[in-house]
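Commentary on secondary and tertiary structure
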Amino acid sequence: MHRSGTGSGGRVSPPATVDREFLALERELAVFLRRARAQSGEMAREVHPELEPAAYGLFVRLDDAGPQRATELAGYFGVGKATMSRQLRALEDLGLVARDPDPADGRASLVRLTEEGRDRFRHVRDARRERYVRKLADWDRAEVAELARLLNHFNIRSEG
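Definitions and limits used
Residues numbered from 1 in each chain as written. Predicted model: local features only at pLDDT ≥ 70, side-chain atom pairs only at ≥ 80, totals over all residues. Heavy atoms only, no water. Patch = residues over 30% accessible without salt bridge, like charges linked within 9 Å, V, L, I, M, F, W, Y side chains within 5 Å. Areas by Shrake-Rupley, 256 points an atom, 1.4 Å probe, with all protein chains shown as cover. Salt bridge = Lys/Arg side-chain N within 4 Å of Asp/Glu carboxyl O. Helix = DSSP H or I, 4+ residues; strand = E, 2+ residues; numbered from the N terminus. Buried < 20%, exposed > 50% of the residue type's maximum accessible area, 1.4 Å probe, protein only. Core = buried A, V, L, I, M, F, W, Y, C linked by side-chain atoms within 4.5 Å. Contact = heavy atoms within 4.5 Å.

Here we come to a nonpolar patch on the surface. Residues Trp139, Val144, Leu147 and Leu151 make up a contiguous nonpolar surface patch of about 290 Å² in total accessible area. Along the chain, leucine 151 turns up in helix H6 (residues 141-159). Leucine 151 gets classed as partly exposed once you look at its relative accessible area, which sits at 33%.

The next subject is the nonpolar core. Formed by 21 residues in total, the largest nonpolar core has its most connected members in Leu51, Phe59, Leu88 and Leu91. Listed by contribution, the elements that provide at least two residues to this core are helix H1 (20-47), helix H2 (54-65), helix H3 (70-77), helix H4 (81-93), strand E4 (105-113) and helix H5 (115-135). Top element by residues in this core is H2. It accounts for five residues. Discounting residues that sit within four places of it in the chain, leucine 88 has contacts with Leu58, Ala70, Leu73, Val97, Arg99 and Val111.

Further remarks concern the pattern of salt bridges. The final tally for this structure, using the stated rule, is 14 salt bridges. The shortest N-O distance in the salt bridge between arginine 118 and aspartate 63 comes to 3.6 Å. Of this pair, arginine 118 sits in helix H5 while aspartate 63 sits in helix H2, and the two are 55 residues apart along the sequence. Given a relative accessible area of 27%, arginine 118 falls into the partly exposed group. Using a relative accessible area of 15% as the deciding quantity, one classes aspartate 63 as buried. For the salt bridge of arginine 125 with aspartate 63, the shortest nitrogen-to-oxygen distance reads 3.0 Å. Highlighted residues: arginine 125 in helix H5 and aspartate 63 in helix H2, separated in sequence by 62 residues.

Structural data, given as structure tokens:
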């Protein structure tokens, strides 16, 4: 059992009350997130060379959920309105998203993918999906479904 304090090499050992399973989860999520950030950057640049990594997530959300207000997108991603406005302005300048008046409130607008934005995104998304199929070729489909279910459960719990 580990005790709190410094162990060999000056490292701080976790408290004995911390479950090894949660430490393993933290370690694996850190690796997963680092790789996911790198891949998001690569995929965003595949959509358009001038895109920043965060843009790929916007494409995923707009393709899945349809047109949304910028404030809804900012809330979904947990970023400020100014950050979201800057990201959307860059996508608009490239012709990948457009704003239309919100029929429920003429003062607001809805952000949507343009046809070019949707085509570029879906091409990259489909290529990424093929990479997943190859990487997980030796997995049983039930395992893939279970991983997706568990990640969805985790993401839902992480929202609030």
